[in-house]
Amino acid sequence: MSRTGLWAALVASVILSVGSAAAQEQPAGAAPTIAPAAPVAPAPVAPAPTAPAVAPPATMTPAQPGAQPNTAVPPESAPSTVMELSLPHDLSPWGMFMAADIIVKAVMIGLAFASLVTWTIWLAKSLEIFGGKLRIRRAVRAIGDAATLKQASHALDRSGGPGALLVRAAEEETALSAGALDHVSGDGLKERVTSRLSRIEAAASRRMSRGTGVLATIGSTAPFVGLFGTVWGIMNAFIGISQAQTTNLAVVAPGIAEALLATAMGLVAAIPAVVIYNVFARSIAGYRQILADASAGVERLVSRDLDFRTAAPPAALAAE
């Protein structure tokens, strides 16, 4: 029995080995039980060839985001290039003036002329006030040093200005009233002299104040004239926007720049005019005060002459 079992086991092992070899050589072959197992092994392997097919989209997805910045950059850089090339003129003051509207140009020219007038008045009036103060101070010193009206007249005989006019007017009025002084008091003469001196003083003040009214007008109206140019320039800027149907800086900037230039010129014309007017107002007030001092000195001389004429005529004549 043992030999028979041993032989049976050997035969069975040989049969199994031959069957497995045949199955490996012919996988699609015979056994229907093994046929389902054959597709199972390729089934997991079948997605492997499809994996490379999915890989190209994966490689293209990073390429597409990279392509989007490249395609987005030219639209952003292109407007700037077009904007720089499409500027109608440079934004220098002269370029803005030359490209401005005719109304804005007229405003700028008027403001420039007003500024020229301001500085011309400053130069001429400064020299006039300086010379007027110098002459009236000399007249005040001469009137203060004189003992009689005739002495003051001799001291100011060769000089001009309001001081000499004050002394001459007092002399003329005294000469006209000389025949009545023996019969009446000198109060009437004093009133007449005071009236003539006040008129001379007022005329000299008006003459010295001439031209300062122009400064006041320029200082008060130049900002509003510049504001008119500003409004007109901004209006032209909005008209350009509506015609071009764009809010590009190349369309908006020129009109706004011209408007701001008109405002700046208005301030340049107005600020010096106001400052110079205030300086001249103080200087002319000081000049009027010196004129008042000269007029008071002439009145004192007339009163002294009247007193000496009444008290001791011979002594007064000897002093003259």
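No experiment lies behind these values; they were computed from the predicted model shown.

## Thoughts on the side chain of Ser283
Piece 1. Here Ser283 lies in helix α11 (residues 249-311).
Piece 2. The residues contacting Ser283, other than those within four sequence positions of it, are Ile129 and Lys133.

## Description of the confidence of the model for the chain
Piece 1. Averaged over every residue, the pLDDT of the chain is 75; the share at 70 or more is 65%.
Piece 2. Mean pLDDT across the elements of the chain bottoms out in helix α2 (residues 37-40) (40) and peaks in helix α6 (residues 102-145) (92).
Piece 3. Confidence drops under a pLDDT of 50 for residues 26-87, and excluding neighbours within four residues, the segment shows seven contacts in the predicted structure.

## Things to note about the packing of helix α8 (residues 162-176) against helix α9 (residues 187-209)
Piece 1. Packing of α8 against α9 leaves a shortest axis separation of 9 Å and a crossing angle of 155 degrees. Viewed along their axes, α8 and α9 adopt a mutual orientation that is roughly antiparallel. Every pair of crossing elements has a handedness; the one defined by α8 and α9 is right-handed. Taking contact as the criterion, the partners of Pro162, Leu165, Leu166, Ala169, Ala170, Glu172, Glu173 and Thr174 in α8 are, on α9, Leu189, Arg192, Val193, Arg196, Leu197, Ile200, Ala204 and Arg207.
Piece 2. Of the residues contributing to the contact of α8 with α9, the split by class is ten nonpolar, one polar and five charged.

## Topic: the pattern of salt bridges
Piece 1. All chains considered together, the criterion is met by four salt bridges.
Piece 2. Note that Lys125 is salt-bridged to Glu128, the shortest N-O span being 3.0 Å. Residue Lys125 and its partner Glu128 are both found in helix α6; the two are separated by three residues, about one turn of the helix.
Piece 3. Across the salt bridge formed by Glu172 and Arg196, the nearest N and O atoms sit 3.0 Å from each other. With Glu172 in helix α8 and Arg196 in helix α9, this pair connects stretches of sequence that are 24 residues apart.
Piece 4. Accessibility expressed as a relative area gives 29% for Arg196, which makes it partly exposed.
Piece 5. Among the charged side chains, a network of salt bridges with common partners joins Glu172, Glu173, Arg192 and Arg196.

## Describing the environment of Met98
Piece 1. Along the chain, the position of Met98 falls in helix α5 (residues 93-98).
Piece 2. A relative accessible area of 44% means that Met98 is categorised as partly exposed.
Piece 3. When the C-alpha positions of Met98 and Glu258 are compared, they lie 9.8 Å apart, and in sequence the two are 160 residues distant.

## Quick notes on the nonpolar core
Piece 1. Counting 34 residues, the largest nonpolar core has Ile136, Ile143, Leu149, Leu156, Val167, Val298 and Val302 as its most contacted members.
Piece 2. The set of elements that each furnish at least two residues to this core consists of α6, α7 (149-155), α8, α9 and α11.
Piece 3. The residues touching Val302, leaving out its near neighbours within four places in the chain, are Leu149, Ala170, Leu189 and Val193.
Piece 4. Ranked by size, the runner-up nonpolar core spans eight residues in total, among them Ala222, Ala269, Ala270 and Ala273.

The rules behind each value
Residues numbered from 1 in each chain as written. Predicted model: local features only at pLDDT ≥ 70, side-chain atom pairs only at ≥ 80, totals over all residues. Heavy atoms only, no water. Helix = DSSP H or I, 4+ residues; strand = E, 2+ residues; numbered from the N terminus. Contact = heavy atoms within 4.5 Å. pLDDT = per-residue confidence, 0-100. Axes fitted to C-alpha atoms, helices over the stretch in contact; angles between N-to-C directions. Parallel < 35°, antiparallel > 145°, perpendicular 65-115°, else oblique. Left-handed = near helix turned anticlockwise from the far one by under 90°. Nonpolar A, V, L, I, M, F, W, Y, C, P; charged D, E, K, R; others polar. Salt bridge = Lys/Arg side-chain N within 4 Å of Asp/Glu carboxyl O. Buried < 20%, exposed > 50% of the residue type's maximum accessible area, 1.4 Å probe, protein only. Core = buried A, V, L, I, M, F, W, Y, C linked by side-chain atoms within 4.5 Å.

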